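Letter by letter, the chains look like this.
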Amino acid sequence: MASRPRLSRQILVKVVPGAVLLVLLISLFTVRYVERELLALMQKDVEKHARNLERATQTELVRSIESSVAIAKNDVAVNSIVDTEYRNYILPSFVRSLEMPSAAAHNIAIVNYTGQRIAEKHPGRTEHEDCLEQWLPKVADGENYLAVHDSLLVVAAPILYGHHPEAAIVVTYPLDSFLGRLLEESEFQVDAFTFKGKAVATSDSRFVLPSGRLDGSASDWLVASCEISLIPGLEVVVMRSNFSASQATAFVRWSMVFSVGAILLVLLAGVLLAVKAATSPLHALIEAIDQVKFKRDLGRRVDVGGCHEFELLGKRFNSMLAELEKTTVTKEKHRIPALVARYTD
């Protein structure tokens, strides 16, 4: 009859594969979870950057409006606009001396409500006239104006005299110049502004398609956008390459590989030690049985350690040997007188 496999082999065959599979499944789940959390964390960081850029843009737009209003309320502008005799001498010098808080290129003009230029910072530039029909009616009603026209940011404010609009301050900025100062350059990140879906300013022009749209698919980039409430249609778009995330997840994967290897080695060593601890009392018991069987050593006793069951088995075995020894000695005591009587008769 074929011999049965040893207990230690059975334990290794039955326990180790299941334990290895469990460790691998836990490791796979951990890697997936860490990757997902890492990407979510980076997405939150991209969204936070987009919100910060949106707030900075809103602040710059508000400053541009406030600066235009401050110029419109300046006494020189107000008094000169109604003094027809001197305004053609005073206003040009006044306008040329003005500087807006934004470092972006700009032009400042004072016009009347027929659209005629009275004074201009850079004479000969007529970009504000291209959108005259949009801003002039608003300012004529005493309202401030802020909008994007083609590639220009137009800011206009009325010059009031006795609460009545007399003229207007019009400030125009090239949109890419005004917004470009707010963009950050990064190896793994593209900051951009889009107006009605088309890029008007970007930190990296390589990602602008011929159609004017940004090139960044969801699989290759983490994307976040925020709308600029002061100018409908104007949005901040932040795109971050997944390359940095891929590097981090690759590091996590390799770390998990080495960790799993270490765990498996520790697990195997633990199983081997457990198998040895489990089979040592059995080996001691087998050795004692062999001593009794082949040497008739009924005085042999075993000291079986380990768990409670092995200890109980050792006590039962010792008790059985003690009974056998007692029975054998009693039989020998009765047998010897009988043999003596038999051979002396």
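Nothing here was measured: the structure is a model prediction, and the numbers come from that model.

Regarding the sheet that holds strand β5 (residues 164–174)
An order of β2-β1-β5-β4-β3 is seen for the 5 strands of this open sheet, with the pairing classed as antiparallel. Each edge of the open sheet carries a strand with a single partner, namely β2 (117–120) and β3 (145–149). With strand direction ignored, the average angle separating the axes of adjacent strands in the sheet is 25°. Sheet topology note: the strand β1 (residues 107–111)/β5 ladder contains 5 bridges and is antiparallel. Among the inter-strand pairings, Ala109 is bridged to a residue of β5, identified as Val170. Seen against the sheet, helix α2 (residues 75–82) touches β1, β2, β4 (152–161) and β5 and runs at an angle of roughly 70° to β4.

Here we look at the sheet that holds strand β8 (residues 221–227)
Across the sheet, 4 strands lie side by side as β7-β6-β9-β8; this open sheet has antiparallel pairing. Every interior strand has two partners, whereas the edge strands, β7 (198–202) and β8, have only one. Neighbour to neighbour, the strand axes of the sheet diverge by 30° on average, direction disregarded. Direction of pairing for strand β6 (residues 189–195) relative to strand β9 (residues 234–241): antiparallel, over a ladder of 7 bridges. The residue bridging Val190 from the neighbouring strand is Met239, located in β9.

Some thoughts on the packing of α2 against helix α3 (residues 87–96)
Viewed as axis vectors pointing N to C, α2 and α3 meet at an angle of 155°, and their least axial separation amounts to 9 Å. Taken together, the axis directions place α2 and α3 in an arrangement best described as roughly antiparallel. The interaxial crossing formed by α2 with α3 has left-handed handedness. Along the contact surface, α2 presents Val76, Ala77, Ser80 and Ile81, while α3 presents Arg87, Ile90, Leu91 and Phe94. Residues of the contact of α2 with α3, tallied by class, amount to 6 nonpolar, 1 polar and 1 charged.

Concerning the pairing of β2
Of the strand pairs in this sheet, β1 and β2 are connected by 3 bridges, and their pairing is antiparallel. Counterpart to Val111 in the pairing with β2 is Arg117. Here β1 hands over to β2 after 5 residues, with Gly115 in that stretch at a positive phi of 90°.

What about unusual backbone geometry?
You will see that Lys196, though not glycine, has its phi angle at about 55°, which is positive. With respect to the secondary-structure elements, Lys196 resides in the loop between β6 and β7.

Side note on α3
Among all positions in α3, only Leu91, Pro92, Phe94 and Val95 are buried. Buried residues along α3 cover an arc of 165° about the axis, so they all sit on one side.

Notes on helix α4 (residues 132–140)
Leu132, Trp135, Leu136 and Val139 are the residues of α4 that are buried. Taken around the axis of α4, the buried residues stretch over an arc of 105°, which confines them to a single face. Once α4 ends, the next one or two residues include Gly142, with phi positive near 85°.

What counts, and at which threshold
Residues numbered from 1 in each chain as written. Predicted model: local features only at pLDDT ≥ 70, side-chain atom pairs only at ≥ 80, totals over all residues. Heavy atoms only, no water. Pairing = 2+ DSSP bridges. Helix = DSSP H or I, 4+ residues; strand = E, 2+ residues; numbered from the N terminus. Axes fitted to C-alpha atoms, helices over the stretch in contact; angles between N-to-C directions. Contact = heavy atoms within 4.5 Å. Parallel < 35°, antiparallel > 145°, perpendicular 65-115°, else oblique. Left-handed = near helix turned anticlockwise from the far one by under 90°. Nonpolar A, V, L, I, M, F, W, Y, C, P; charged D, E, K, R; others polar. Buried < 20%, exposed > 50% of the residue type's maximum accessible area, 1.4 Å probe, protein only. Arc of directions from axis to C-beta.

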